[in-house]
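Chains, contacts and geometry: an overview
One-letter residues, chain by chain:
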Amino acid sequence: NAGVTQTPKFRVLKTGQSMTLLCAQDMNHEYMYWYRQDPGMGLRLIHYSVGEGTTAKGEVPDGYNVSRLKKQNFLLGLESAAPSQTSVYFCASSYLRHGSPGELFFGEGSRLTVL
Amino acid sequence: AQSVSQHNHHVILSEAASLELGCNYSYGGTVNLFWYVQYPGQHLQLLLKYFSGDPLVKGIKGFEAEFIKSKFSFNLRKPSVQWSDTAEYFCAVNAFDGGSQGNLIFGKGTKLSVKP
């Protein structure tokens, strides 16, 4: 049972390039999340999804897009990467509990560097 | 908008000392509350969670937390820390406010360093 899998785990981009981070979960969870983690800033929510075909903005959505075409996958896209997007990105998923998420299950993170 | 405050940025303790990490949130309605731990170089792992019921919650590795609704707080405690508890600790809150039940917000974290 893999849980939450993120690919790639490391990536270096040049400013202006685009890329997509893939998150896959095999727990049939309804909720999926993308966070970024920066020193001293904790985890900040970028986008999240409460079910297949739905997405919503979090705290820091600018510069990112997401899609949830299949329940098990949640893609995070950077259309034109900027150095400010250098960060560690964590995907997480959660089950539905009385109309709200339970605890989060995290992937191992993807370290992105934008030069 | 809801927010989560962790007042201590870095806590340094000696082994066997007692620990209390503060967490306050800014929402007056129903909340689910969580504490996560992140060991160096790893992803976040759940320590404990509160959904309802007994406000004193026990988690893994001897940690516990108390939900005090009147103080909007969910402080993490451990009676006697070990060197292996050195990690970063995050409080997280999910507030039930209409259309954003899925929105789960984290505090900025508290680094705990335990001296052997």
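Further up the page is the structure itself.
If you're wondering where the values come from, they're calculated on a predicted model, not measured in any experiment. (Residues numbered from 1 in each chain as written. Chains lettered and ligands numbered in written order. Predicted model: local features only at pLDDT ≥ 70, side-chain atom pairs only at ≥ 80, totals over all residues. Heavy atoms only, no water.)

Quick look at the side chain of Glu64 of chain B
- Looking at the element boundaries, Glu64 of chain B is found in strand S8 (residues 64-68).
- Every residue in contact with Glu64 of chain B, bar those within four places of it in the chain, is listed here: Leu48, Leu56, Val57, Lys58, Gly59, Asn75, Leu76 and Arg77 of chain B. (Helix = DSSP H or I, 4+ residues; strand = E, 2+ residues; numbered from the N terminus. Contact = heavy atoms within 4.5 Å.)

Comments concerning the packing of aromatic side chains
- All chains considered together, the criterion is met by 15 aromatic pairs over all chains.
- On the numbers, 5.6 Å between centres and 85 degrees between planes, the contact of Phe106 of chain A with Tyr36 of chain B is edge-to-face. Pair noted here: Phe106 of chain A is in strand S12 (residues 105-106) and Tyr36 of chain B is in strand S5 (residues 31-38), and the two residues belong to different chains. Neither Phe106 of chain A nor Tyr36 of chain B differs from the other in exposure class; each is buried. (Phe/Tyr/Trp six-rings, centres within 6.5 Å; stacked < 30°, edge-to-face > 60°. Buried < 20%, exposed > 50% of the residue type's maximum accessible area, 1.4 Å probe, protein only.)

Description of the state of the cysteines
Residue and element names in this part refer to chain B.
- Enumeration according to the criterion identifies 2 disulfides over all chains in this entry.
- Cys23 shares a disulfide with Cys91; S-S distance 1.9 Å. Classification of the bridge connecting Cys23 and Cys91 rests on its S-S torsion, roughly -65 degrees, and on that basis the disulfide is left-handed. Taken together, the residues Cys23 in the loop between strand S3 (19-21) and strand S4 (24-25) and Cys91 in strand S10 (residues 87-95) connect sequence positions 68 residues apart. (Disulfide = S-S within 2.5 Å.)

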